[in-house]
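For reference, the chains in residue letters:
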Amino acid sequence: MELSSSPLFRCRFWARGRLIDCRERPLIMGVVNVTADSFYDGGRYLEPERAIAHALELVEQGADILDIGAESTRPGAKPVSEEEELARLLPVVGPVARRVAVPISVDTMKSAVAQAALDAGASIINDISALREDNRMASVVARSGAAVILMHMQGTPLTMQDAPQYQDVVHEVGEFLQERVRVAVEAGISKLNILLDPGIGFGKLLEHNLDLLNRLTELTELGRPLVVGPSRKSFIGQIVGRPVEQREWGTAAAVALAVERGARVLRVHDVAMMADVAKVAAAIASRNLSSQVGR
Ligand code: HH2
């Protein structure tokens, strides 16, 4: 992995002319799933009014960014058509964008959906395929000046949990993300608009998720802000033996340690709770950092 000269916890990115700074504290990205089948909140916010109300509530609770998605990517999920994704997203993104000041991210792998969401006021594209699924995505992002989250995933949501394999998961995820940054920059996306995500639960066994979180600091060497999304995922269920509705405490542990190891954007369902968890973890971790760099 190529080492970057950027300081350990540096975190700044541009999203359509807006500089978003997460050096002082990590940012909380609140999840809004306008889906029927998401693994935790599927079906709850499929109606636009409910999704909009939920988005506004998450901002009230302290979300720094909203991530709105209309296609579940849980293991085994079936892809949603472009028409369906647009029909779910568009009645939500515009009205939310007009009513909140926080940046809106859209979780999509389709360039036409990304373009429509940007037109409706989104400024971050969260592409879990890291620009591999749709070859027009890079140019849509580049032209708009949006920020983009490039996430690691082995396989596709339909098959990714069948038999994930790695020699050294942290090294391989790092190499992959570095290569995707290169591709994005070559397509005209500024490096300053890129965020990176190890893709917790995407083609990974328990041990892989644990290694990624445990050695997250190594990925900070890529020199871009790290997004981490452990919220209520099945690796937590495997450890605590609890169903998805009862995984908030396990999520809190993952969020705290991810922050301590350099995550700067935490993608979570439970915004109020995780905002406090992240703040306390960051306050403790920054004392560490101060003594290391002599600030
Ligand atoms: N996780 C999910 C979806 N999108 N995007 C990024 N960048 N990182 C993640 O870890 C991530 C993501 C899965 O969570 P959720 O949206 O709650 O579930 P579903 O895919 O079933 O809608």
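Please refer to the structure higher up on the page.
Every value quoted in this text rests on a predicted model; they were computed, and no experiment measured them.

**Student:** Quick rundown of the overall build of the chain? Include the residues and the values.
**Tutor:** Helices and strands together make up the secondary structure of the chain, namely ten helices and ten strands. Its C-alpha atoms give the chain principal-axis dimensions of about 50 × 45 × 40 Å. Sorting the 295 residues of the chain into buried and exposed places 55% on the buried side. In the chain, once contacts between residues fewer than 6 apart in sequence are set aside, the share between residues at least 24 apart is 70%. Accessible area of the chain: about 12600 Å², with a carbon and sulfur share of 50%.

**Student:** Residue-level account of the pairing of strand 4 (residues 65–69), with values.
**Tutor:** The element strand 4 is extensively covered by neighbouring structure, given that five of its five residues are classed as buried. Burial of strand 4 is two-sided: the residues Ile65, Asp67 and Gly69 facing one way and the residues Leu66 and Ile68 facing the other way are all buried. Bridge analysis of strand 3 (residues 27–33) against strand 4 gives five bridges, and the strand direction is parallel. Looking at strand 4, one finds that Asn33 is bridged to Gly69. Pairing analysis gives four bridges linking strand 4 to strand 5 (residues 104–107), with the strands arranged parallel. Paired with Leu66 across the bridge in strand 5 is Ile104.

**Student:** So, the pairing of strand 6 (residues 124–127): which residues are in play, and what are the values?
**Tutor:** Burial along strand 6 is two-sided: the residues Ile124 and Asn126 and Ile125 and Asp127 are all buried. Both strand 5 and strand 6 contribute to a ladder of three bridges, which runs parallel. By the bridge assignment for strand 6, Ser105 is matched with Ile124. Sheet analysis places strand 6 next to strand 7 (residues 147–151), joined by four bridges and oriented parallel. Each residue of the ladder has a partner; that of Ile125, found in strand 7, is Val148.

**Student:** Account for the state of the cysteines, naming residues and giving values.
**Tutor:** Evaluation of the coordinates by the stated rule reveals one disulfide. For Cys11, the disulfide goes to Cys22, at an S-S distance of 1.7 Å. Taken as a pair, Cys11 in the segment before strand 1 (12–15) and Cys22 in the loop between strand 2 (18–21) and strand 3 lie far apart in primary sequence, eleven residues in all. Cys22 gets classed as buried once you look at its relative accessible area, which sits at 0%.

**Student:** I'd love a proper account of the pattern of salt bridges, names of residues and values included.
**Tutor:** Inspection of the entire model under this criterion finds 17 salt bridges. Between Glu47 and Arg50 there is a salt bridge, with its nearest N and O atoms 3.8 Å apart. Arg50 gets classed as partly exposed once you look at its relative accessible area, which sits at 49%. In this structure, the salt-bridge partner of Lys110 is Glu71, at a minimum N-O distance of 3.6 Å. With Lys110 in the loop between strand 5 and helix 3 (111–119) and Glu71 in the loop between strand 4 and helix 2 (82–99), this pair connects stretches of sequence that are 39 residues apart. Take Lys110 and Glu71: they sit in the same class, and that class is buried. Each of Arg12, Asp21 and Arg23 takes part in salt bridges that share partners, so that together they form one network.

**Student:** Let's hear about the environment of Glu175: which residues, and what values?
**Tutor:** Looking at where Glu175 falls in the secondary structure, it is placed in helix 5 (residues 169–186). A residue is classified by how much of its surface remains accessible, and Glu175, at 37% relative accessible area, is partly exposed.

**Student:** Run through the packing of aromatic side chains, naming residues and quoting values.
**Tutor:** In the structure shown here, the tally under the stated rule is zero aromatic pairs. The ring of Tyr40 has Arg44 lying over it, and the distance from NZ or CZ to the ring centre is 4.5 Å.

**Student:** Can you tell me about the site of the ligand, naming the residues and giving the values?
**Tutor:** By nearness alone, 17 residues border the ligand, and Ser38, Ser72, Asp197, Lys233 and His269 come closest of all. A distance of 2.7 Å is found between an oxygen atom of the ligand and a backbone nitrogen or oxygen belonging to Thr73. A distance of 2.7 Å is found between an oxygen atom of the ligand and a side-chain nitrogen or oxygen belonging to His269. Within the complex, 99% of the 470 Å² of free accessible area of the ligand lies under protein. Looking at the shell around the ligand residue by residue, the class counts come to five nonpolar, seven polar and five charged.

**Student:** Would you mind going over the packing of helix 2 against helix 3 in detail, with residue names and values included?
**Tutor:** Across the interface, helix 2 lies against helix 3 with an axial gap of 10 Å and an inter-helix angle of 15°. Considered as vectors, helix 2 and helix 3 are oriented roughly parallel to each other. Seen from above, helix 2 lies across helix 3 with right-handed handedness. Contacts between helix 2 and helix 3 involve Glu82, Glu85, Leu86, Leu89, Leu90 and Val93 from the first element and Ala112, Val113, Ala116 and Ala117 from the second. Tallied by class, the residues present in the contact of helix 2 with helix 3 amount to eight nonpolar, no polar and two charged.

The rules we used
Residues numbered from 1 in each chain as written. Predicted model: local features only at pLDDT ≥ 70, side-chain atom pairs only at ≥ 80, totals over all residues. Heavy atoms only, no water. Helix = DSSP H or I, 4+ residues; strand = E, 2+ residues; numbered from the N terminus. Buried < 20%, exposed > 50% of the residue type's maximum accessible area, 1.4 Å probe, protein only. Contact = heavy atoms within 4.5 Å. Areas by Shrake-Rupley, 256 points an atom, 1.4 Å probe, with all protein chains shown as cover. Pairing = 2+ DSSP bridges. Disulfide = S-S within 2.5 Å. Salt bridge = Lys/Arg side-chain N within 4 Å of Asp/Glu carboxyl O. Phe/Tyr/Trp six-rings, centres within 6.5 Å; stacked < 30°, edge-to-face > 60°. Lys NZ or Arg CZ within 6 Å of the ring centre and 35° of its normal. Near = heavy atom within 4 Å. Polar contact = N/O pair within 3.5 Å; in protein donor to acceptor, adjacent residues only side chain to side chain. Nonpolar A, V, L, I, M, F, W, Y, C, P; charged D, E, K, R; others polar. Axes fitted to C-alpha atoms, helices over the stretch in contact; angles between N-to-C directions. Parallel < 35°, antiparallel > 145°, perpendicular 65-115°, else oblique. Left-handed = near helix turned anticlockwise from the far one by under 90°.

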